[in-house]
Amino acid sequence: MAILKVARLGHPVLRQVARELPREEILSPAMRQLVADMKLTMAEYNGVGLAAPQVHCSVRAAVVEFGENNPRYEVEGPQPAIVFFNPRITVLDDTKAGFWEGCLSVPGMRGYVERPSKLQVDYLDEHAEPQTLSAEGFLATVLQHEFDHLDGILYVDRLADPTRFAFNEEYARFHAG
Ligand code: ZN
């Protein structure tokens, strides 16, 4: 297991559309290793989600996990780890929900983003078995943020209002609460 280097804003890998994973590749030892390393990397940096392109691997894989005491977010947890391959989102409720998002690829910053509040995700799990998950609230936002990474989209692309984009310290001082 290894903590991986996280690509930062400006690295081209974050702007690529990641490729779909065939079943045999999902089941491969290399993919098992990647997922284990992604979980370790996410935990190391107190992330709540991590997409494979963020660790320089342009494939449609992402992990999400958060506890109740994450130092970076006040979250509705705990959310046990889920591994997603080839996820597809169906919006169930387009009513917008807004959160101050952060990203391990845009370190030290926060931005306010509004996204659909409820969705369904169809994906393949670590056994390459199809699964369906419904999500709302913070989890729905995290999933949309992570799956955006698979299409080369970052949350900074989705800022509705550039005045609500801040360094962590200024966010805490002027915008939080
Ligand atoms: Zn991100």
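Note that the structure is a prediction, hence the values are computed from the model and not measured. (Residues numbered from 1 in each chain as written. Predicted model: local features only at pLDDT ≥ 70, side-chain atom pairs only at ≥ 80, totals over all residues. Heavy atoms only, no water.)

### Describing the overall build of the protein
Here is step 1: A tally of helices and strands in the protein yields four helices and six strands.
Here is step 2: When the helices and strands of the protein are placed in sequence order, the string is α-α-β-β-β-β-β-α-β-α.
Here is step 3: A compact globule built from 177 residues should have a C-alpha radius of gyration of about 16 Å, and the protein, at 15 Å, falls within 12% of that.
Here is step 4: Viewed in the frame of its principal axes, the protein has a C-alpha envelope of about 50 × 35 × 30 Å.
Here is step 5: The proportion of buried residues among the 177 residues of the protein is 47%.
Here is step 6: Pairs at least 24 residues apart make up 66% of the contacts formed inside the protein by residues separated by at least 6 positions.
Here is step 7: Surface exposure of the protein reaches about 8,900 Å², of which carbon and sulfur atoms provide 50%. (Helix = DSSP H or I, 4+ residues; strand = E, 2+ residues; numbered from the N terminus. Rg over C-alpha atoms; globule rule 2.2 N^0.38 Å. Buried < 20%, exposed > 50% of the residue type's maximum accessible area, 1.4 Å probe, protein only. Contact = heavy atoms within 4.5 Å. Areas by Shrake-Rupley, 256 points an atom, 1.4 Å probe, with all protein chains shown as cover.)

### Section: the confidence of the model for the protein
Here is step 1: Overall, the prediction assigns the protein a mean pLDDT of 95, with 99% of residues at 70 or greater.
Here is step 2: Per-element mean pLDDT across the protein ranges from 94 in strand β2 (residues 61–66) up to 98 in helix α1 (residues 23–26). (pLDDT = per-residue confidence, 0-100.)

### With respect to the coordination of the zinc ion
Here is step 1: Binding of the zinc ion to the protein goes through C103 (SG), H145 (NE2) and H149 (NE2), at separations of 2.1 to 2.3 Å.
Here is step 2: Site description for the zinc ion: donor spacing in sequence, C-x41-H-x3-H. Taken as a pair, C103 in the loop between β3 (79–101) and β4 (109–124) and H145 in helix α3 (residues 137–149) lie far apart in primary sequence, 42 residues in all.
Here is step 3: C103 sits in the buried class, given a relative accessible area of 4%.
Here is step 4: Assessed through its relative accessible area of 6%, H145 is described here as buried. (Donors = N, O, S within 2.8 Å, 3.2 Å for Na, K, Ca; no water.)

### Digging into α3
Here is step 1: With 13 residues, α3 extends 19 Å between its outermost C-alpha atoms, agreeing within 8% with the 18 Å of an ideal straight helix rising 1.5 Å per residue.
Here is step 2: The buried fraction of α3 amounts to twelve of the 13 residues, a majority that puts the element mostly inside the structure.
Here is step 3: Along α3, the positions that sit buried rather than exposed are F138, L139, A140, T141, V142, L143, Q144, H145, E146, F147, D148 and H149. (Expected span 1.5 Å × (residues − 1).)

### Quick notes on the packing of aromatic side chains
Here is step 1: All told, the structure shown has seven aromatic pairs when counted by the stated rule.
Here is step 2: Taking 5.7 Å as the distance between ring centres and 70 degrees as the angle between the ring planes, the aromatic pair formed by F99 and F138 counts as edge-to-face. Here F138 lies in helix α3 and F99 lies in strand β3, a separation of 39 residues in the sequence.
Here is step 3: Ring pairs connect the aromatic residues F66, F99 and F138, which therefore count as one cluster. (Phe/Tyr/Trp six-rings, centres within 6.5 Å; stacked < 30°, edge-to-face > 60°.)

### A few points about unusual backbone geometry
Here is step 1: With a phi angle near 55 degrees, N46 is a residue other than glycine that sits in the positive phi range.
Here is step 2: By secondary structure assignment, the location of N46 is in the loop between α2 (29–44) and β1 (49–51).
Here is step 3: With a relative accessible area of 32%, N46 lands in the partly exposed category.
Here is step 4: Residue N86 is not a glycine yet carries a positive backbone phi of 50 degrees.
Here is step 5: Mapping N86 onto the fold places it in strand β3.
Here is step 6: Taking the relative accessible area as the measure of exposure, N86 reaches 8% and is therefore buried.

### Re the pattern of salt bridges
Here is step 1: Under the criterion given, the structure shown has nine salt bridges.
Here is step 2: Between D157 and R15 there is a salt bridge, with its nearest N and O atoms 2.7 Å apart. Residue D157 is located in the loop between α3 and β6 (165–167), and its partner R15 is located in the segment before α1; the two are separated by 142 residues in the primary sequence.
Here is step 3: Look at D157 and you get partly exposed, because its relative accessible area is 41%.
Here is step 4: We classify R15 as partly exposed; its relative accessible area is 41%.
Here is step 5: Here D148 ties to R158 by a salt bridge, and the two come within 2.6 Å at their closest N and O atoms. Remark: R158 occurs in the loop between α3 and β6 and D148 occurs in helix α3; sequence separation between them is ten residues.
Here is step 6: Assessed through its relative accessible area of 36%, R158 is described here as partly exposed.
Here is step 7: Because the salt bridges share partners, they merge into one network encompassing E20, R60, R88 and D151. (Salt bridge = Lys/Arg side-chain N within 4 Å of Asp/Glu carboxyl O.)

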